[in-house]
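Chain by chain, the residues run as shown.
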Amino acid sequence: MPRFHELTVTAIERTIRDAVVVTLRPPEGADFTFRPGQYLTFRRDFDGQEIRRTYSICSGLDDGLLQVGIKRVEGGAFSTFANADLRVGDTLQAMPPMGRFTVDIDPAAAHRYLAFAGGSGITPLLSLTRSILAREPESRVTLVYANRSIASIMFREEIEDLKNLHMGRLRVIHVLEHDAQDIELFTGRVTEEKCAGLFASWIDVGDVDMALICGPEPMMQGVARALEAHGLDRDRIRFELFSSAAQQGRLPRPVPTSAAASAGGGTLLHLTLDGATREIVIPPGMTVLEAALAQDIEVPYSCRAGVCSTCRCRVTEGEVEMAANHALEDYEVARGYALSCQSFPLGGRLAVDYDQ
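The text that follows walks through the structure, step by step, so that each part is easy to find. (Residues numbered from 1 in each chain as written. Predicted model: local features only at pLDDT ≥ 70, side-chain atom pairs only at ≥ 80, totals over all residues. Heavy atoms only, no water.)

The next point concerns the environment of Ile183. Secondary-structure assignment places Ile183 in the loop between β9 (170-176) and α4 (192-201). According to the relative accessible area criterion, Ile183 is partly exposed, its value standing at 30%. Placed 124 residues apart in sequence, Ile183 and Val307 show a C-alpha to C-alpha distance of 35 Å. (Helix = DSSP H or I, 4+ residues; strand = E, 2+ residues; numbered from the N terminus. Buried < 20%, exposed > 50% of the residue type's maximum accessible area, 1.4 Å probe, protein only.)

Right, here's the structure in full:
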């Protein structure tokens with residue numbers, strides 16, 4: 001199971017008024033090798049309460065750096081701390097890189113990638129774009145980047161530098177919600193209708209090998225629907241949801257089943273982690289993750305909203321119901337994988353394995 005390590009902050013750069021790029025040095029012996037598009041899970045105590053947050057790696061494979069982009073979120077404890085109080089020389093606790101929003105880099109490939117980013121959703125896509133352009137010399141990338149205004153465009157200079165470095169291989173379309181542009185189609189929000197206009201005049205979906213989307217859920221759903229309507233197969237569309245309304249509060253919980261209630265008011269859970277199996281009881285209305293944490297079992301987790309997949313485990317006995325799932329593919333669910341932060345037992349016995 002991934003463990004937290006102390007990473008040293010070696011540089012902090014401000015990319016826009018309310019976002020910073022943090023460069024980190026892992027401790028000696030810790031493997032922080034990453035794939036483009038992956039994220040780090042951080043934890044920190046704020047007034048005695050542990051907060052965990054995930055931030056995507058923005059550096060490319062050949063940059064020789066480990067960097068994350070952190071945009072300040074209104075009321076966000078960790079993002080406010082990173083933007084206002086974090087200093088060079090400080091240390092941050094983080095797990096090794098995780099996440100499956102990535103691609104297999106092939107130097108012999110000549111792929112056509114279409115990327116959609118909304119706001120800070122550019123962070124993993126910047127890592128992917130940097131790596132693809134550097135390591136797939138025959139591949140091309142079209143990036144559609146949605147923001148409220150010019151002032152809110154993260155990594156604006158870095159993106160322009162990439163265009164200049166890889167002339168003709170990176171095409172960027174900025175869509176701004178508030179700032180008017182010369183081309184009317186590039187003003188407003190990125191919606192399904194907006195995408196249809198882009199596909200009619202500016203982007204040939206028939207030439208796209210892979211679409212990569214990261215941003216708010218409504219935007220991503222609209223883009224995906226438009227791509228499918230224009231003929232792109234679903235298995236060539238990949239998502240990374242960087243935020244969710246579910247993270248702002250508790251998701252609705254299913255009513256405990258009669259089977260669970262008859263099992264002495266709870267579900268007997270066999271939980272395997274790091275090769276050892278523990279037996280605990282999940283009270284009615286609790287998730288697998290909540291029950292484990294209540295017993296001081298250090299299971300992995302981060303967002304607790306079904307978004308990041310850090311808490312992924314495999315159900316080896318019994319059944320669960322997930323209240324939300326923004327991270328696992330259908331084939332993974334079919335193989336028994338579940339997000340423990342969203343998993344409620346559907347019977348009197350359950351076994352999960354975090355090691356598989």
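Once you've had a look at it, read on.
The tally for this structure, following the rule as stated, stands at eight aromatic pairs. Seen in terms of ring centroids, Phe42 and Phe78 are 5.8 Å apart; in terms of plane orientation they differ by 40 degrees. Their pairing is tilted. Residue Phe42 is located in strand β3 (residues 39-46), and its partner Phe78 is located in helix α1 (residues 77-84); the two are separated by 36 residues in the primary sequence. Each member of the pair, Phe42 as well as Phe78, is classed as buried. Between the aromatic rings of Tyr55 and Phe78, the centroid separation amounts to 5.7 Å while the plane-to-plane angle is 35 degrees, which identifies the pairing as tilted. Here the residue Tyr55 occupies a position in strand β4 (residues 49-56), and Phe78 occupies one in helix α1, the gap between them amounting to 23 residues. (Phe/Tyr/Trp six-rings, centres within 6.5 Å; stacked < 30°, edge-to-face > 60°.)

Quick look at the sheet that holds strand β6 (residues 91-94) now. If you walk across this open sheet you meet the six strands as β4-β3-β6-β1-β2-β5, and the pairing is antiparallel. At either margin of the open sheet sits one strand with a lone partner, and together these are β4 and β5 (67-71). Here the average twist between neighbouring strands, direction ignored, is 45 degrees. In the sheet, strand β1 (residues 5-16) pairs with β6 via four bridges, with the strands oriented antiparallel. Counted as the bridge partner of Thr8 is Thr91 from β6. Where α1 meets the sheet, it contacts β1, β2 (19-25), β3, β4, β5 and β6, and its direction lies at approximately 90 degrees from that of β3. (Pairing = 2+ DSSP bridges. Axes fitted to C-alpha atoms, helices over the stretch in contact; angles between N-to-C directions. Contact = heavy atoms within 4.5 Å.)

On their own, these measurements won't tell you what the molecule is for.
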